Amino acid sequence: MSSYREFYRDRPVLITGGLGFIGSNLAHHLVTLGARVLIVDSLIPAYGGNLFNVHGIENRVRVNIADIRQQTAWRTPTPTSRSTAAASSRCSRRAAATIPG
Ligand SMILES: NC(=O)c1ccc[n+]([C@@H]2O[C@H](COP(=O)([O-])OP(=O)(O)OC[C@H]3O[C@@H](n4cnc5c(N)ncnc54)[C@H](O)[C@@H]3O)[C@@H](O)[C@H]2O)c1
């Protein structure tokens, strides 16, 4: 746990589908580890996304309501070098990977 904490402390992390079940649980955990979390979620009604899922950490995450299939979704400041992307939407692989700087 301490190595995780060290790795994620102050690290920018992007979570796609971060208002859904898996993504929001990931967001809660990463915030606990000290990461700077950016959530991109479309809140498509048929899915399980809800702003309530980030209740308690709403002041510690940034949320961009956007569809990742649209280029405009990526216009917000996104993690750059040494950053980590955690993909959790249905159409993304459920994985976390470091983006090469
Ligand atoms: N309370 C519970 O126990 C609970 C609640 C919901 C889901 N589940 C379970 O969790 C699993 C599903 O969880 P999940 O997290 O994969 O699904 P989810 O539907 O909860 O979350 C997917 C998220 O991705 C977002 N999304 C989808 N397409 C997108 C796009 N193109 N651009 C941006 N965002 C997009 C959705 O808006 C949603 O917020 C299922 O097994 C389900 O039964 C359990």
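Residues numbered from 1 in each chain as written. Predicted model: local features only at pLDDT ≥ 70, side-chain atom pairs only at ≥ 80, totals over all residues.

Chemist: Help me understand the confidence of the model for the protein in this model?
Modeler: The predicted structure's coordinates, where accompanied by low pLDDT, should not be read in detail. Confidence along the protein averages 80 in pLDDT terms, with 71% of residues attaining 70 or more. Between residues 78–84, whose pLDDT stays under 50, and residues either more than four places distant or in other chains, the model counts 17 contacts. In the model, residues 86–101 has pLDDT below 50 throughout and makes 35 contacts with residues more than four positions away in sequence or in other chains. (pLDDT = per-residue confidence, 0-100. Contact = placed C-beta atoms within 7 Å.)

Chemist: Teacher, can you tell me more about the site of the ligand here?
Modeler: The ligand sits among 22 residues. The nearest are Gly17, Gly20, Ile22, Gly48 and Gly49. Broken down by secondary-structure element, the contributors of at least two residues to the shell around the ligand are α2 (21–32) and β2 (36–41). Here the element with the most residues in the shell around the ligand is α2; it accounts for 3 residues. Residues of the shell around the ligand, tallied by class, amount to 9 nonpolar, 9 polar and 4 charged. (Near = placed C-beta within 6 Å. Helix = DSSP H or I, 4+ residues; strand = E, 2+ residues; numbered from the N terminus. Nonpolar A, V, L, I, M, F, W, Y, C, P; charged D, E, K, R; others polar.)

Chemist: Sorry, what's going on with the nonpolar core here?
Modeler: Inside soluble globular proteins, nonpolar side chains tend to come together where they are buried. Ranked by size, the top nonpolar core spans 15 residues in total, and within it Val13, Ile15, Ala27, Leu30, Val37 and Ile39 carry the most contacts. Residue assignment for this core shows that the elements contributing at least two residues are β1 (12–16), α2 and β2. Element by element, the count of residues in this core is highest for β2, at 4 residues. When neighbours within four sequence positions are excluded, Ile39 is seen to be in contact with Ile15, Gly18, Leu19, Gly23, Ala27, Val61, Arg62, Val63 and Asn64. (Core = buried A, V, L, I, M, F, W, Y, C linked by C-beta atoms within 7 Å. Buried ≥ 20, exposed ≤ 12 C-beta atoms within 10 Å, placed from the backbone.)

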